[in-house]
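Commentary on secondary and tertiary structure
As a plain string of letters, each chain reads:
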Amino acid sequence: MSSSSAPPSVQLRDLAHPIVAGLISVIVNYGGTFILVFQAARVAGLDPQLTASWVWSVSIGVGITGLMLSWMAREPIITAWSTPAAAFLVTALATTPYAEAVGAYMISAAAFVVLGLSGCFERLIRLIPPGVAAGLLAGILLQFGIGAFGGVSVDPLLAGLLVVAYVVLKRVSARYAVVGILVLGLAFLLLQGRVDLSGLQWQLAAPVFTMPAFSLNALLSVALPLFLITLTGQYMPGMLVLRNDGFRTSANPILTITGLGSLLMAPFGSHAFNIAAITAAICTGREAHEEASKRWVAGIAAGISYILVGVFGVTLAAVFMAFPATFITTLAGLALLGTIGGSLASAMADPKSREAALITFLAAAANIKLLGIGGAFWGLLIGLVAYAVLNGSLPHRQPARVSPASGPAISKGVAS
């Protein structure tokens, strides 16, 4: 890690927007996808103590690694649990003994550590044309933008209020648009009595150690798919989110640190955590802060929030999951509008890659699912093939993009 330049100073007035961005990313993560963890735990027949330990381990691990990476790089590096992996485990844990699943988690995590130390993944990321990368990000996020307005059909009063408030606040004070709709939406739900917190009991989560077991069956049926799904469905789009907003942190230490964290937390139930993609985009774009050098605070805020949720385990996770689905989808979609618009503009900017970028955008938005691999991978693959055919070859290795931030970055594996 380079330390030649001083970290960017952050004034008190600079904290509000990135902190709110970090909180929104946490709310969206727990409210939108965490139910998959509970479903997988139920399929595996885990008791409440083991389920709470899973919540504790994945939340604490995500919080510590995200906080550490954001602080070291002075960039908004948001980590999260692997959502596609959690969806995969809903079926995989039905036929795999839990101790063997824990062993498979450890093997997958160790593979990410090795991949990060090798430096191969960073070199692969640098080969992707910027226009194709921007098209991929726009395609991944498109469904969230659509969801912001699709909620009007389900809950017209709530979704309509948030959309109108967002547009008005954008006109009056663009900096406070996302902050405003978060506060307004929460106040509206509380006034309607739609968030019932009366039955909550504050209890500290207790980690439960499970002795891992290793088998060839778990290696092939859990560890290998878990590794591939997380790599293609989380790490690849997650790194492209950072690149799209101009941040230059190398993928290598991110892979290494999150992989090591997953390895340490696996015996307590954590399946995998990694760099985030969709929730990261909430923190890396202009909505988090006009100045890119101030957005790293969002990573700190998200990390601390995850740690707090982990300490209280299922209790706080249940709070986030108590929010209506329409509130979560509308809030996420509106918070991502700026990123979607910027990605589309970047994708169409270069005439040489415009058509390939458009193909990438549409393929990613279609969310193709083949061979158990998600849409981000197929969208990228189709886009790269289209670029190669239309231009005769893939471009030479892309130069490292200089981050707008002025602070030190984690530079291991980045060519000068």
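Look above for the structure.
Notes on the structure follow. If you're wondering where the values come from, they're calculated on a predicted model, not measured in any experiment.

This part is about the overall build of the protein. Of regular secondary structure, the protein possesses 18 helices and two strands. Per-residue burial for the protein yields a buried fraction of 56% across its 416 residues. Residue pairs in contact within the protein that sit at least 24 positions apart in sequence constitute 85% of those at least 6 positions apart. Taken as a whole, the protein presents about 16,700 Å² of accessible surface, with 69% of it coming from carbon and sulfur.

Applying the stated criterion to the full structure yields four salt bridges. The partner of R243 in a salt bridge is E122, and the shortest N-O contact between them spans 2.9 Å. Of this pair, R243 sits in helix α10 (residues 216-244) while E122 sits in helix α6 (residues 120-125), and the two are 121 residues apart along the sequence. Both residues of the pair, R243 and E122, belong to the buried class. Ionic pairing is found between R194 and D155, a salt bridge with its closest N-O pair at 2.5 Å. Of this pair, R194 sits in the loop between α9 (177-191) and α10 while D155 sits in the loop between α7 (130-154) and α8 (156-173), placing them 39 residues apart in sequence. For R194, a relative accessible area of 30% translates into the label partly exposed.

With that out of the way, let us pick up unusual backbone geometry. Despite not being glycine, R74 shows a phi value in the positive range, around 55°. For R74, the position within the fold is in the loop between α3 (48-73) and β1 (79-81). Judged by its relative accessible area of 9%, R74 is buried. A positive phi angle, close to 55°, is found at N367, a residue other than glycine. Inspection of the secondary structure assignment puts N367 in the loop between α17 (354-366) and α18 (375-391). Under the relative-accessibility criterion, N367 is labelled partly exposed at 41%.

This next bit is on helix α15 (residues 325-335). Counting buried positions over the eleven residues of α15 gives nine, a clear majority of the element. Of the residues making up α15, those classed as buried are T326, F327, I328, T330, L331, A332, G333, L334 and A335.

Okay, the nonpolar core next. Counting residues in hydrophobic clusters, the biggest one holds 78 residues, and the most contacted among them are I24, F34, W54, L89, Y105 and F327. In contact with W54, not counting residues within four places along its chain, are V37, A40, A41, L46, L89, L93, Y105, F268, G269, S270 and H271. I128, L136, F227 and L380 belong to the second largest nonpolar core, which has 32 residues in total.

Turning our eyes to something else, we now look at the packing of aromatic side chains. Considering all chains together, one arrives at six aromatic pairs under this definition. Arranged with centres 4.5 Å apart and planes meeting at 35°, the rings of F112 and F227 form a pair that is tilted. Here F112 is found in helix α5 (residues 98-118), whereas its partner F227 is found in helix α10, with 115 residues between them in sequence. No difference in accessibility class separates F112 from F227, as the two residues are buried. An angle of 75° between the planes, with centres 5.8 Å apart, marks the rings of F209 and F268 as edge-to-face. Highlighted residues: F209 in the loop between α9 and α10 and F268 in the loop between α11 (251-265) and β2 (273-275), separated in sequence by 59 residues. Under the relative-accessibility criterion, F209 is labelled partly exposed at 49%. Ring pairs connect the aromatic residues W56, F209 and F268, which therefore count as one cluster. Above the ring of W71, the side-chain terminus of R74 is found at 4.0 Å from the ring centroid. The lysine or arginine in question, R74, covers the ring of W296, its NZ or CZ lying 4.8 Å from the ring centre.

A few words on the side chain of S82. Here S82 is to be found in the loop between β1 and α4 (83-92). A polar contact of 3.2 Å, which involves the side chain of S82, links it to the backbone nitrogen of A85. Polar contacts involving the side chain of S82 include one to the side chain of T230, which spans 3.2 Å. Setting aside chain neighbours within four positions, we find S82 in contact with T230, Q234, H271, A272, F273 and N274.

On to helix α16 (residues 337-349). For α16, spanning 13 residues, the distance from its first C-alpha to its last is 18 Å, which sits close to the expected 18 Å at 1.5 Å a residue. Here α16 has its buried residues at T339, I340, S343 and A347. All buried residues of α16 lie within an arc of 100° about the axis, which places them on one face of the element.

Turning to the side chain of T51, a few remarks are in order. Mapped onto the elements of the fold, T51 is located in helix α3. Beyond its immediate sequence surroundings of up to four residues, T51 is in contact with F38, A41 and L46.

With that settled, the discussion passes to the environment of L219. Turning to its location among the elements, L219 is positioned in helix α10. On the basis of relative accessible area, L219 is assigned to the partly exposed category, the value being 31%. For the pair L219 and Y105, spaced 114 residues apart in sequence, the C-alpha separation works out to 9.2 Å.

Attention shifts here to the environment of V179. With respect to the helices and strands, V179 occurs in helix α9. Measuring from C-alpha to C-alpha, the distance between V179 and A335 comes to 9.4 Å, with 156 residues separating the pair along the chain. If sequence neighbours within four positions are ignored, V179 has contacts with H17 and V20.

This paragraph deals with a nonpolar patch on the surface. Together, I107, F214, L216, L219, L220, L224 and L228 make up an exposed nonpolar region whose accessible area comes to about 650 Å². Take I107: it is sitting in helix α5. Classification of I107 as partly exposed rests on a relative accessible area of 33%.

Parameters at a glance
Residues numbered from 1 in each chain as written. Predicted model: local features only at pLDDT ≥ 70, side-chain atom pairs only at ≥ 80, totals over all residues. Heavy atoms only, no water. Helix = DSSP H or I, 4+ residues; strand = E, 2+ residues; numbered from the N terminus. Buried < 20%, exposed > 50% of the residue type's maximum accessible area, 1.4 Å probe, protein only. Contact = heavy atoms within 4.5 Å. Areas by Shrake-Rupley, 256 points an atom, 1.4 Å probe, with all protein chains shown as cover. Salt bridge = Lys/Arg side-chain N within 4 Å of Asp/Glu carboxyl O. Core = buried A, V, L, I, M, F, W, Y, C linked by side-chain atoms within 4.5 Å. Phe/Tyr/Trp six-rings, centres within 6.5 Å; stacked < 30°, edge-to-face > 60°. Lys NZ or Arg CZ within 6 Å of the ring centre and 35° of its normal. Polar contact = N/O pair within 3.5 Å; in protein donor to acceptor, adjacent residues only side chain to side chain. Expected span 1.5 Å × (residues − 1). Arc of directions from axis to C-beta. Patch = residues over 30% accessible without salt bridge, like charges linked within 9 Å, V, L, I, M, F, W, Y side chains within 5 Å.

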